Amino acid sequence: MTKDRVIDFRCRPPLKPYSGLFNLRLNYMAGRQNTVVAPTSWGKSALTSKAVSMVGKSGVMEQWWKEIDAAGVHTVVSNGRYAAGDPNMSMDSPTLAGLMKKYPGRFIGLAALNLDQPMEKTISELEDALEKMGLRGANLEPGYRTKNGGAATIDNADFYPIFETMSTLGFPLMVQTGAFAGIDNWGAANEIWRFDSVITKFPKLKMILAHGGYPSIQESLALALKHHNVSLCPDCYTFWPGGQLYQQNIEMLQDQFLYGSAFPFGNIDTSLEMTRKLPLSETAMQKYLYGNAAALLKLETEKTSRGLVAA
């Protein structure tokens, strides 16, 4: 039965390649509690979750899965990334593929895209990740490119080979947006009209806006309204300042929203608890928590053909 199953589309394991994100939670965000009192970040598990502060320690993965199980989440999705080769901020595709093999049916990886190397090599690695390693999509972060022209926007023609590859293979492309989407500022990374241009040029591309296009929320909603192949994953921003706009539109765009906690920035348990309290129909809630993600990741097809998704 999939009725009560939950896919957390943004949930990073507490491993060294993600340690920079966990440090942001423990240091930068911890110093903002009196300014940004976001309930999904500072709820009860901010005091009880051990996984956040166990990066690199023995038993950390067991603790992470214990917390995932306790929250009622069945499957987690983690994205690869390349951040100038920083070992504390860069997660490669082979590592994610290894985690998928270790936790079949419960862990899904999205391929990393290294934008600092020749595009031909990036495409070759992407094809290997999707066709040989079994990853279920890819993650693009134009604002973090440091070579080949530096930080860029989504409509840069350099990325067209990526769009063509993803369109041909039929897997989703997650694109970084949000308050931290650029090295210097978030401006160009969140100009939603640029995403509109890309989807118009590549109408078969399945695109996911990580962090839901925040803070350009209204424009992102319009983008999803215009293009059925655009999905929004507002994750922790759903309950951060201004996130009410996401909450109010999940029902109307119920085929295009993906649930995510953005762990470690949002707590796994409180994010799901607050989401279940949203005034959504049963149908919309099921799509938001599981159905839309399963369709994008082709999990139901895999279940039928290969029986890899646990019952």
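Residues numbered from 1 in each chain as written. Predicted model: local features only at pLDDT ≥ 70, side-chain atom pairs only at ≥ 80, totals over all residues. Heavy atoms only, no water.

On to the sheet that holds strand β5 (residues 173–176). Pairing within the open sheet is parallel, and its four strands lie in the order β4-β5-β6-β7. Either end of the sheet is taken by a strand with one partner, and the two such strands are β4 (138–140) and β7 (230–233). Direction aside, the axes of adjacent strands within the sheet are offset by 25 degrees on average. Pairing of β5 with strand β6 (residues 207–210), which is carried by four bridges, proceeds in the parallel orientation. Residue pairing in the sheet places V175 in a bridge with L209 of β6. (Pairing = 2+ DSSP bridges. Helix = DSSP H or I, 4+ residues; strand = E, 2+ residues; numbered from the N terminus. Axes fitted to C-alpha atoms, helices over the stretch in contact; angles between N-to-C directions.)

To continue, consider the environment of W186. With respect to the helices and strands, W186 occurs in the loop between β5 and α7 (192–201). With 28 residues separating them along the chain, W186 and Y214 place their C-alpha atoms 9.5 Å apart. If sequence neighbours within four positions are ignored, W186 has contacts with G178, A179 and P215. (Contact = heavy atoms within 4.5 Å.)

Now for empty space enclosed by the protein. Under the counting rule described, the total for this entry stands at two cavities of 30 Å³ or more. Approximately 60 Å³ is the volume attributed to the largest cavity. A class-by-class count of the residues in the lining of the largest cavity yields four nonpolar, no polar and four charged. Of the volumes computed, that of the second largest cavity is approximately 50 Å³. Considering the residues around the second largest cavity, the lining is formed by P142, G143, A152, T153, I154, V175, Q176, A181, A189 and F195. Of the residues contributing to the lining of the second largest cavity, the split by class is seven nonpolar, three polar and no charged. (1 Å grid on protein atoms, 1.4 Å probe; cavity = no way out; pocket = protein on both sides within 12 Å on 5 of 7 lines; lining within 4 Å. Points joined across faces, edges and corners; volume = space filled by probe spheres on them. Nonpolar A, V, L, I, M, F, W, Y, C, P; charged D, E, K, R; others polar.)

The next subject is the packing of helix α5 (residues 119–131) against helix α6 (residues 160–169). In contact at an axis separation of 10 Å, α5 and α6 are set at 20 degrees when each is read in the N-to-C sense. Between α5 and α6, the interaxial angle falls into the category roughly parallel. As for the relative orientation of α5 and α6, their crossing is right-handed in sense. Contact residues: α5 offers M119, I123, L126, E127, L130 and E131, while α6 offers P161, I162, T165, M166 and L169. Tallied by class, residues from the contact of α5 with α6 come to eight nonpolar, one polar and two charged. (Parallel < 35°, antiparallel > 145°, perpendicular 65-115°, else oblique. Left-handed = near helix turned anticlockwise from the far one by under 90°.)

Turning our attention to the packing of helix α3 (residues 60–71) against helix α10 (residues 268–276). It is the contact of α3 with α10, at a shortest axis distance of 9 Å, that shows an interaxial angle of 15 degrees. Classified by the angle between their axes, α3 and α10 sit roughly parallel to one another. Crossing geometry of α3 relative to α10 is assigned as right-handed. Residues W64, E67, I68 and A71 of α3 lie in contact with α10, whose contacting residues are I268, D269 and L272. Here the contact of α3 with α10 is composed, by residue class, of five nonpolar, no polar and two charged.

What follows concerns the sheet that holds strand β1 (residues 7–8). Pairing in this open sheet of three strands is parallel, and the strands run β1-β2-β3 from one edge to the other. Strand pairing shows two members of the sheet lacking a second neighbour, β1 and β3 (107–110), which therefore form its edges. In this structure, β1 lies alongside strand β2 (residues 75–79), joined through two bridges in parallel fashion. Residue pairing across strands places D8 opposite V76, the latter belonging to β2.

Once that is clear, we can look at the pattern of salt bridges. Under the definition given, this model contains nine salt bridges. Put simply, E141 and R81 hold a salt bridge, and the shortest N to O gap is 3.2 Å. Note that E141 is positioned in the loop between β4 and α6 and R81 in the loop between β2 and α4 (93–102), a separation of 60 residues in sequence. Across the salt bridge formed by R194 and D155, the nearest N and O atoms sit 3.0 Å from each other. Within this pair, whereas R194 is found in helix α7, its partner D155 is found in the loop between β4 and α6, the two being separated by 39 residues in sequence. (Salt bridge = Lys/Arg side-chain N within 4 Å of Asp/Glu carboxyl O.)

A word on the environment of Y290. Along the polypeptide, Y290 turns up in helix α11 (residues 282–296). Each C-alpha atom, one on Y290 and one on F9, is 9.3 Å from the other, the two residues being 281 residues apart in sequence.

Moving on, we get to the nonpolar core. By size, the foremost hydrophobic cluster in this structure holds 95 residues, and its most contacted members are F9, W64, I162 and L173. Not counting the four nearest positions on each side in its chain, W64 is found in contact with C11, R12, P13, P14, A51, V76, F107, F263 and I268. (Core = buried A, V, L, I, M, F, W, Y, C linked by side-chain atoms within 4.5 Å. Buried < 20%, exposed > 50% of the residue type's maximum accessible area, 1.4 Å probe, protein only.)

Quick look at the pairing of β7 now. Across a regular strand the side chains alternate sides, sitting on one face of the sheet and then on the other. Burial along β7 is two-sided: the face carrying V230 and L232 and the face carrying S231 and C233 are both buried. For β6 and β7, the ladder comprises four bridges, and the chain directions are parallel. Residue pairing across strands places I208 opposite S231, the latter belonging to β7. Handedness of the crossover joining β6 and β7 through helix α8 (residues 217–226): right-handed. (Right-handed = clockwise from strand over helix to strand, strands pointing away.)

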